[in-house]
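Residue-level listing of the chains:
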Amino acid sequence: ARDAPLARLKVLQLTTPLAFVPPFVADLNSANAEPRTAIETLYLTVLARRPTPAETDRLLSLVDAKSSPAAQPSPDYGPLFWILINSSEFVVNR
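Residues numbered from 1 in each chain as written. Predicted model: local features only at pLDDT ≥ 70, side-chain atom pairs only at ≥ 80, totals over all residues. Heavy atoms only, no water.

Novice: I keep staring at helix α3 (residues 35–47) and nothing clicks. Help me out?
Specialist: For an α-helix, 3.6 residues make a turn, and residues three or four places apart therefore share a direction. With 13 residues, α3 should reach 18 Å at 1.5 Å per residue; the first-to-last C-alpha distance of 17 Å fits that figure. Turning to α3, its buried residues are Pro35, Ala38, Ile39, Leu42, Tyr43, Val46 and Leu47. When α3 is viewed along its axis, its buried side chains cluster within an angular range of 135° and face the same direction. Between the side-chain oxygen at the start of α3 and the backbone nitrogen of Arg36 there is a gap of 3.2 Å, and the oxygen is on Glu34. Positioned one or two residues after α3, Ala48 has a phi angle of 60°, which is positive. (Helix = DSSP H or I, 4+ residues; strand = E, 2+ residues; numbered from the N terminus. Expected span 1.5 Å × (residues − 1). Buried < 20%, exposed > 50% of the residue type's maximum accessible area, 1.4 Å probe, protein only. Arc of directions from axis to C-beta. Polar contact = N/O pair within 3.5 Å; in protein donor to acceptor, adjacent residues only side chain to side chain.)

In structure tokens:
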């Protein structure tokens, strides 16, 4: 259960590109936001709380791996947004 968000991200990466990302996520992508700041912004906007250090570290390792020069020049935060929107924490609390 602890790695469930990462599993969902892998599934999202294998499917077609997401048709919609909110403007603030597009801004994070286009501004080449620092990953730690972008993750915190996503958590504050979607879940109204800061990520725990463990959540940040887990997502940073994923973003770092995905944004290697061979993969793409900068991370895409759209899939992380959808993971948070589809999390049980968001569904139950919103």
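Novice: Teacher, can you tell me more about the nonpolar core here?
Specialist: Side chains that are nonpolar tend, in soluble globular proteins, to be buried together. Ile39, Leu42, Tyr77 and Leu80 are the most contacted members of the largest nonpolar core, which has 18 residues in total. Residue assignment for this core shows that the elements contributing at least two residues are α2 (23–30), α3, α4 (53–66) and α5 (78–85). Take this core: its biggest share by element is 6 residues, from α3. (Core = buried A, V, L, I, M, F, W, Y, C linked by side-chain atoms within 4.5 Å.)

Novice: Can you walk me through the packing of aromatic side chains in this structure?
Specialist: Working definition: an aromatic ring pair is given by the centre-to-centre distance plus the angle between the planes. Per the counting criterion, the structure on display carries 2 aromatic pairs. Residues Phe24 and Phe81 carry aromatic rings whose centres are separated by 5.9 Å and whose planes lie at 80° to one another, so their mutual orientation is edge-to-face. In this pair, Phe24 sits in helix α2 while Phe81 sits in helix α5, placing the two residues 57 residues apart along the sequence. Residues Phe81 and Trp82 carry aromatic rings whose centres are separated by 5.2 Å and whose planes lie at 75° to one another, so their mutual orientation is edge-to-face. Judged by relative accessible area, which is 22%, Trp82 ranks as partly exposed. Cluster of aromatic residues (ring-pair linked, three or more members): Phe24, Phe81 and Trp82. (Phe/Tyr/Trp six-rings, centres within 6.5 Å; stacked < 30°, edge-to-face > 60°.)

Novice: Help me understand unusual backbone geometry in this model?
Specialist: Backbone geometry follows two general trends: most residues other than glycine have a negative phi, and most peptide bonds adopt the trans configuration. Notably, Ala48 is not glycine yet its phi reads approximately 60°, a positive angle. If you trace the backbone, Ala48 turns up in the loop between α3 and α4. Judged by relative accessible area, which is 55%, Ala48 ranks as exposed.

Novice: Quick question: what am I supposed to make of the packing of α3 against α5 here?
Specialist: Packed helices, taken two at a time, are described by the angle between their axes plus the distance between the axes. Packing of α3 against α5 leaves a shortest axis separation of 10 Å and a crossing angle of 35°. Judged by the twist between their axes, the crossing of α3 over α5 is right-handed. Within the contact between the two elements, α3 uses Ile39, Leu42, Tyr43, Val46 and Leu47 and α5 uses Leu80, Phe81, Leu84 and Ile85. In the contact of α3 with α5, the residues fall into 9 nonpolar, no polar and no charged. (Axes fitted to C-alpha atoms, helices over the stretch in contact; angles between N-to-C directions. Left-handed = near helix turned anticlockwise from the far one by under 90°. Contact = heavy atoms within 4.5 Å. Nonpolar A, V, L, I, M, F, W, Y, C, P; charged D, E, K, R; others polar.)

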